[in-house]
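# Results of the structural survey
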Amino acid sequence: MASTHTPSEPPFPRAWWKSAIVYQIYPASFSDSNGDGIGDLNGIHAKLDYLKDLGVDVLWLSPIYRSPQADMGYDISDYRDIDPRYGTLADWDNLLRGVHQRGMKLMMDLVVNHTSDEHEWFQRSKSSKDDPKRDWYMWRPPRYVDGQRLPPNNWKSVFQGSAWEFDPGTEEYYLHLYVRKQPDLNWDNPVVRDAVWDVMRFWIDRGCDGFRMDVINLISKTYGLPDAPVVDHTQYYQPASMYFTNGPHVHEYIQQMHREVLSQHDLITVGETPFTHDASGLAAYVLPQNKELNMVFNFELMDLDSSEESPLVKKAWRLSDLKAIVGRWQTYKREEGFWNAVFIENHDQARSVSRFGNDSPAWRAISAKMLAVLEVTQTGTVYVYQGQELGMKNFPRTWGIEAYKDVASQNYWALIKEQRKKEQGREDVDMEDVLDGFQQKARDHARIPMQASRPLWDATPNAGFTTGTPWMRAYEDDAREGWNAADESKPTDSEPESVLAFWKRAIGVRKAHEVLVYGNFEMRLEEDERVFAYVRRLGDVKAWVVLNFTAEAVEVPLGSGSGSGETSGLGPGMEGSKTGTLELRGYEARVYIQTCPMMAQ
């Protein structure tokens, strides 16, 4: 066999944000310091040592700006102030000091595709067609068909219904791709872009270390805002993402952002890019020569179990499809410097152990650990969502519709219920199948209170989140059964290493071995529907990763896992190596890192 040598340097520069572990905090549900039932900035400050001990490098805060909360803070009425439910600017300054004192960084959520309709900009825009801020938003006159007033086009809002809202005062419609209280900014107006740059500078000057950019690929819309093709003949309003995603000027505007703001600071930047699976389309935001963003969130993996009907309706998925998605993005344009954002949970997704693992009592802990290994062994910046490190799962099917607070859940429920009432001609319609889907896929599962997050982090009422009444129901039964930060910090005879302890160790292994951050990626056992196996190489260091996605014990051909040299990693020793196979328990994951000259397979 011929010798194989992998370069000891990756084909792109190293950077602090590439090897960072980013922890996303959903502030309303993380830690309540004052007993009002809502998490806050001082609650986050109280948990900084916990986050540092976990191995976190960057804290990403979901929106904390002043907001009417029509969409949990993604409707911003003042970009330069903190919503009183979370605290004050002084509290933010104190949090930032605590973060920086511990050697961590703080990333803010930049929501600038739209504002709140209560923002001063929109209030002026709405006041008169002659106001200087009128064209800060996207206003259009109505169209009339047979004397009936209709919106300017047939675009459907992401959250159901029309994407347009009529304003009686000026007799025009404004565009809102999300809820009606989130009017879209007109990025074609250069004064709007300058205002956004000023918002960014405000937070950078205050000490912010970077931005996660909400739906940043929607800021440029297709010329003329044409009607969307009719794909659902039961609805007037149609999905129109082909006309508002990755529009004609989106890269021009983000490149201007880079020139005017980002290039002058050493920041972490990540764009949210929904409705886009095309690799070349996403790469344009990230490739270094384009001078735009460090990375983007690609949702192809998150959409794997979503039906075409709705992301709230689950569809079956195959491991081979998951492997194909991961493998494609791990190798995509590596030589040109493309960089991934590696995640499997966030505030818009149900819990990963319930979607891609097995959340039954027998398998929950080990499958949560297996998914942790999947994340920490990929090239890209790793993102961990609050509670993921505890193995938090979806709340139970026994909870009714009143437990679902998210606007997406509520709007979809109302839409389907109204349709069924019309079809069946009665008020009392069966909605159990919709609740079945919600239990598997709703965003609400990510938003329930952290288990647990009072100073003692124990299994007290409300999962330890608050001394008051939580804004959203806490999963108390789960916390009582030991799925909370306090209990997971203590090993037991039955579970000597909790999910939390494993996450700490896994993050430590990643930080100790650059091959897991910068190495190349080689798929193994590509067609196997039980095992995900791959090899990472950097110079003379090789990592061999095997993940069992089933509850059955499996034997894996060692192949590239064999060889001599010093071995470390996650998991027991290489049992079975003499027979050329590796035996894995149900949902077991192992990582073997070898330092030695390797031979081609």
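Our structure is the block above this text.
One structure accompanies this document, and this report is about it. (Residues numbered from 1 in each chain as written. Predicted model: local features only at pLDDT ≥ 70, side-chain atom pairs only at ≥ 80, totals over all residues. Heavy atoms only, no water.)

Turning next to the overall build of the protein. Helix and strand counts for the protein stand at 17 helices and 22 strands. C-alpha atoms of the protein, sized along the principal axes, occupy 80 × 55 × 50 Å. Each of the 601 residues in the protein was classed as buried or not, and the buried ones make up 61%. Pairs at least 24 apart in sequence give 71% of the contacts found in the protein among residues at least 6 apart. Side-chain charges of the protein comprise 66 positive and 88 negative groups, with the mean position of each set lying 2 Å from the other. (Helix = DSSP H or I, 4+ residues; strand = E, 2+ residues; numbered from the N terminus. Buried < 20%, exposed > 50% of the residue type's maximum accessible area, 1.4 Å probe, protein only. Contact = heavy atoms within 4.5 Å. Lys, Arg positive; Asp, Glu negative; His and termini not counted. Charge placed at Lys NZ, Arg CZ, Asp CG, Glu CD.)

We now examine helix 5 (residues 190-206). Two residues of an α-helix separated by three or four positions point the same way, owing to the 3.6 residues in each turn. Between the first and last C-alpha of helix 5 there are 25 Å, a value that for 17 residues agrees with the 24 Å anticipated at 1.5 Å per step. Among the residues of helix 5, those classed as buried are Val192, Arg193, Ala195, Val196, Trp197, Val199, Met200, Trp203 and Ile204. The backbone nitrogen of Val191 lies 2.9 Å from a side-chain oxygen of the residue at the head of helix 5, namely Asn189. Of the residues flanking the end of helix 5, it is Gly207, one or two places downstream, whose phi is positive at about 120°. (Expected span 1.5 Å × (residues − 1). Polar contact = N/O pair within 3.5 Å; in protein donor to acceptor, adjacent residues only side chain to side chain.)

Pairing is antiparallel across the open sheet formed by three strands, whose spatial order is 6-10-9. Bordering the open sheet on either side are strand 6 (139-140) and strand 9 (164-167), each of which pairs with just one other strand. Inspection of the sheet shows strand 6 paired to strand 10 (residues 172-175) by two bridges, in the antiparallel sense. Looking across to strand 10, one finds that Arg140 is bridged to Tyr173. (Pairing = 2+ DSSP bridges.)

With that settled, the discussion passes to helix 12 (residues 407-424). Counted at 1.5 Å a residue, the expected span for helix 12 with its 18 residues is 26 Å, and the 25 Å between its end C-alpha atoms agrees. Taken as a whole, helix 12 has its buried residues at Val407, Ala408, Ser409, Tyr412, Trp413, Ile416, Arg420 and Lys421. Where helix 12 ends, the next residue or the one after it, Gly425, has phi of about 65°, a positive value.

The strand order across the open sheet built from eight strands is 13-12-11-5-2-1-15-14, with neighbouring strands paired in parallel fashion. Of all strands in the sheet, those with a lone pairing partner are strand 13 (295-297) and strand 14 (341-342), marking the two edges. Where strand 5 (residues 105-110) lies against strand 11 (residues 210-213), three bridges are found, and the strand directions are parallel. Paired with Asp109 across the two strands is Arg212, which belongs to strand 11.

Interaxial distance between helix 5 and helix 7 (residues 250-260) falls to 11 Å at its minimum, and their mutual angle equals 45°. Comparing the axis directions of helix 5 and helix 7 gives the class oblique. In the crossing of helix 5 with helix 7, the sense of the turn from one axis to the other is right-handed. Contacts from Arg193, Asp194, Trp197, Met200 and Arg201 of helix 5 reach helix 7 at Tyr253, Gln256, Met257 and Glu260. Partitioning the contact of helix 5 with helix 7 into residue classes produces four nonpolar, one polar and four charged. (Axes fitted to C-alpha atoms, helices over the stretch in contact; angles between N-to-C directions. Parallel < 35°, antiparallel > 145°, perpendicular 65-115°, else oblique. Left-handed = near helix turned anticlockwise from the far one by under 90°. Nonpolar A, V, L, I, M, F, W, Y, C, P; charged D, E, K, R; others polar.)

This next bit is on the environment of Phe395. Here Phe395 is to be found in the loop between strand 15 (381-385) and helix 12. The spacing of Phe395 and Asp198 is 197 residues in sequence and 41 Å in space, taken between C-alpha atoms. Phe395 has contacts with Ala403, Tyr404, Gln439, Asp444, His445, Ile448 and Tyr475, leaving out every residue within four places of it along the chain.

Attention shifts here to the packing of aromatic side chains. Under the definition given, this model contains 42 aromatic pairs. Taking the centre distance of 5.1 Å and the plane angle of 85° together, the rings of Phe202 and Trp203 count as edge-to-face. Judged by its relative accessible area of 22%, Phe202 is partly exposed. According to the relative accessible area criterion, Trp203 is buried, its value standing at 0%. With 5.7 Å between their ring centres and 55° between their planes, Trp363 and Tyr587 make a pair best called tilted. Taken together, the residues Trp363 in the loop between helix 10 (352-355) and helix 11 (364-376) and Tyr587 in the loop between strand 21 (581-584) and strand 22 (589-595) connect sequence positions 224 residues apart. Residue classification places Trp363 among the partly exposed residues on the basis of a relative accessible area of 26%. Take Tyr587: its relative accessible area is 8%, and that puts it in the buried class. Between Lys18 and the ring centre of Trp339, over which it is positioned, the NZ or CZ distance is 5.2 Å. The ring of Phe166 is capped by Arg149, whose NZ or CZ atom sits 3.7 Å from the centre of that ring. (Phe/Tyr/Trp six-rings, centres within 6.5 Å; stacked < 30°, edge-to-face > 60°. Lys NZ or Arg CZ within 6 Å of the ring centre and 35° of its normal.)

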